[in-house]
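An overview of the molecular structure
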Amino acid sequence: MGLVARVSAPKTQTGNVIRDSAMGLVPETVDAFALLNKSVWKSEHVRPAMLEMVRLRNARTVNCVFCKSVRYDIAKADGLSEDKVDDIADGYEDSKLSDMEKAALAFTDAYLFDPKGVTPELKARLKATFTEAQLTTLAVALGTFNASSRCAVSLGGMPESLPIMEISVPQ
Amino acid sequence: MGTVTSFNLDRALAPAGAIAGMYADLSAKFWDQPHIAAELIELCRLDLAVMHKAMAEQAERHPAAKGLPQAKIDAVLNENWRGSALLSDSEKALLDFTEYYFMDPQSIPDEVAATVVGLFGENGLVCLVEALGFIDSRIRLALIFSTLSA
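Residues numbered from 1 in each chain as written. Chains lettered and ligands numbered in written order. Predicted model: local features only at pLDDT ≥ 70, side-chain atom pairs only at ≥ 80, totals over all residues. Heavy atoms only, no water.

**Some remarks on the overall build of chain B**
What counts is decided by this rule: Only DSSP runs of H or I with at least four residues qualify as helices, and only runs of E with at least two residues qualify as strands; both kinds are numbered from the N terminus onward. Based on C-alpha atoms, the radius of gyration is set beside the globule rule, defined as 2.2 Å times the residue count to the power 0.38. In what follows, a contact means two residues having at least one pair of non-hydrogen atoms within 4.5 Å. To be clear on the numbers: accessible area is Shrake-Rupley with a 1.4 Å probe, and residue cover counts the displayed protein chains and nothing else. Neither His nor the chain ends is counted toward charge; the positive residues are Lys and Arg and the negative residues Asp and Glu. Taken as the charge centre is NZ of Lys, CZ of Arg, CG of Asp or CD of Glu, depending on the residue.
Counting secondary structure elements, chain B contains seven helices and zero strands. For chain B, the succession of helices and strands along the chain, N to C, is α-α-α-α-α-α-α. Over its C-alpha trace chain B gives a radius of gyration of 15 Å, about what one expects of a compact globule, namely 15 Å for 150 residues. If one aligns the C-alpha atoms of chain B with their principal axes, the spans along those axes are about 40 × 30 × 30 Å. Within chain B, contacts between residues separated by at least 24 positions form 64% of all contacts whose residues are at least 6 apart in sequence. Surface exposure of chain B reaches about 5,700 Å², of which carbon and sulfur atoms provide 53%. If the 11 positive side-chain charges of chain B are averaged to one point and the 20 negative ones to another, these points end up 7 Å apart.

**Here's the deal with helix H3 (residues 38–51) of chain B**
Residue and element names in this part refer to chain B. Selection rule: The span you would expect from a helix comes to 1.5 Å times its residue count less one. With a 1.4 Å probe rolled over the protein chains alone, any residue whose accessible area is under 20% of its type maximum counts as buried; one over 50% counts as exposed, and the rest are partly exposed.
Under the 1.5 Å per step criterion, the end-to-end length of H3 is 20 Å for 14 residues, consistent within 8% with the ideal 20 Å. In terms of burial, H3 is largely enclosed, as 13 of its 14 residues are buried. One or two steps after H3, the chain reaches lysine 53, where phi turns positive at roughly 55 degrees.

**Some details on the packing of helix H6 (residues 99–113) of chain A against helix H7 (residues 110–148) of chain B**
Working note: a packed helix pair is described by the angle between its axes plus the distance between those axes. Threshold: All axes here are fitted lines through C-alpha atoms, helices being fitted over the stretch that makes contact, and every angle between N-to-C directions spans 0 to 180 degrees. Our angle categories are set so that under 35 degrees counts as roughly parallel, over 145 as roughly antiparallel, 65 to 115 as roughly perpendicular, and the remainder as oblique. Crossing handedness is read from the near helix: turned anticlockwise from the far helix by less than a right angle, it gives a left-handed crossing, and turned clockwise, a right-handed one. When residue character is reported, Ala, Val, Leu, Ile, Met, Phe, Trp, Tyr, Cys and Pro are called nonpolar, Asp, Glu, Lys and Arg charged, and the others, Gly included, polar.
Their axes nearest at 9 Å, the elements H6(A) and H7(B) cross at an angle of 120 degrees. With respect to H7(B), the axis of H6(A) lies oblique. Between H6(A) and H7(B) lies a crossing whose hand is right-handed. Touching A:Phe107, A:Ala110, A:Tyr111 and A:Leu112 of H6(A) are B:Ser137, B:Arg140, B:Leu141 and B:Ile144, all from H7(B). Grouping the amino acids of the contact of H6(A) with H7(B) by side-chain chemistry returns six nonpolar, one polar and one charged.

**Description of the side chain of A:Thr108**
Residues and elements named next belong to chain A. Within the element layout of this structure, threonine 108 appears in helix H6. Relative accessible area serves as the criterion here: at 0%, threonine 108 is assigned to the buried category. Once residues lying within four places of it in the same chain are set aside, the contact partners of threonine 108 are Val54, Arg57, Asn58 and Leu142.

**Let's talk about the interface of chain B and chain A**
Frequently, the measure chosen for interface size is the accessible area removed from exposure when the parts meet. Defined as follows: Accessible area, probed at 1.4 Å, shrinks when two parts are joined; the buried area is that loss added up over both. Criterion for a salt bridge: a side-chain nitrogen of Lys or Arg within 4 Å of a carboxyl oxygen of Asp or Glu. Pairing of N or O atoms within 3.5 Å defines a polar contact, subject to two protein rules: one partner must be a possible hydrogen donor and the other a possible acceptor, and residues neighboring in sequence count only if both atoms are side-chain atoms.
Between chain B and chain A, the contact holds 45 residues from the first and 46 residues from the second. Across the chain B/chain A interface, buried area totals approximately 4,100 Å², and carbon plus sulfur atoms make up 67% of it. Applying the counting rule to chain B against chain A returns one salt bridge. Ionic pairing is found between A:Arg6 and B:Asp110, a salt bridge with its closest N-O pair at 2.9 Å. Scanning the region where chain B abuts chain A turns up 16 residue pairs in polar contact (both at pLDDT 80 or more). For the side of chain B that touches chain A, the elements supplying multiple residues, two or more each, are helix H1 (9–13), helix H2 (18–29), helix H6 (89–103) and H7 of chain B. Element by element, the count of residues in the side of chain B that touches chain A is highest for H7(B), at 21 residues. Split by residue class, the side of chain B that touches chain A holds 30 nonpolar, eight polar and seven charged.

**Concerning helix H1 (residues 27–39) of chain A**
For H1(A), spanning 13 residues, the distance from its first C-alpha to its last is 19 Å, which sits close to the expected 18 Å at 1.5 Å a residue. For H1(A), every residue scored as buried is listed here: A:Thr29, A:Val30, A:Ala32, A:Phe33, A:Ala34, A:Leu36, A:Asn37 and A:Ser39. Looking at the buried side of H1(A), the elements it contacts are helix H8 (132–154) of chain A together with H2 and H7 of chain B.

**Quick look at the pattern of salt bridges**
In total, this model carries 19 salt bridges over all chains according to the counting rule given. When the shortest N-O distance is used, the salt bridge between A:Arg47 and A:Asp78 registers 2.5 Å. Remark: A:Asp78 occurs in the loop between helix H4 (73–77) and helix H5 (82–87) and A:Arg47 occurs in the loop between H1 and helix H2 (48–62); sequence separation between them is 31 residues. Relative accessible area serves as the criterion here: at 56%, A:Arg47 is assigned to the exposed category. In this structure, the salt-bridge partner of B:Arg45 is B:Glu57, at a minimum N-O distance of 2.8 Å. Of this pair, B:Arg45 sits in helix H3 while B:Glu57 is found in helix H4 (residues 55–59), placing the two residues twelve residues apart along the sequence. No difference in accessibility class separates B:Arg45 from B:Glu57, as the two residues are buried. A single salt-bridge network, built from bridges that share partners, covers A:Arg57, A:Arg60, A:Asp90 and A:Asp109.

**Quick word on a nonpolar patch on the surface**
Residues and elements named next belong to chain A. Spelled out, the test is: Residues enter patches when they are more than 30% accessible in relative terms and free of salt bridges; like-charged ones are connected within 9 Å and nonpolar ones (Val, Leu, Ile, Met, Phe, Trp, Tyr) within 5 Å.
Among the surface-exposed residues, Phe66, Leu162 and Met165 lie close enough to one another that they form a single nonpolar patch of about 230 Å² accessible area. Among the structural elements, phenylalanine 66 can be located in helix H3 (residues 65–69). Residue classification places phenylalanine 66 among the partly exposed residues on the basis of a relative accessible area of 36%.

Dropping the structure here:
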């Protein structure tokens, strides 16, 4: 892993963590990214606690230390506990998570590990568990989380660990 | 809706509502920015498609990269771009970065990232990793929704 940051942060700071990060170096995309990032959390189809579980499963797999350390306050307010976060680890199928939460994590794993390999069993499970609106919302959110975390890792400068930080979704 | 690729994915994601449009809008911006030419982004997209073994994705051609010579496309699709004299050092630097990115972003060597920065600047490296992130996410979701919609 690149221990030293490969790019500098923008010289002008705005108070928005996305615009003030390296992503601010690409003004042609940063506004659209910030809009998408905040909007996925306002979905009427999927609750914030479930989105946070998907985000953290992705963060764990990509090993984005920043992403792993963050807890969004709206997810905590929606009932996400550290016990639940612990259950996101491998072996979640045998945890006390709900069937819907387990299905969301199985969808996440299909995306992360084998997007060509969706089995008939997983397809049936996803269709039985989620509405089209829920599944596509999970898809857009996961695509956004995954792109962001891989971006952060690719740009280097990731610390080996960070304490858990509760923050608000950047607006 | 049959086979889904990154080119028709947005139709499959439409039930998500407004965020599907935002995801589409952001994804489109990487094909029209001043840091890395669309033809180079297209080579990277094709390389990701090859590594995903996404055949329908490999058959697509992005309209923003119409000027890309077929011989360069073939070198990527046939996985012999490294030894090809047709590709420039800049193109090879981006493809080299793309392949490390695909395997694991943690594996990207400092010198590979530094080469991209040397050729395209810091803005170019950030633009590249953002573009790879969203193109890769679209290919992954397209593969999943191809199965789900079959």
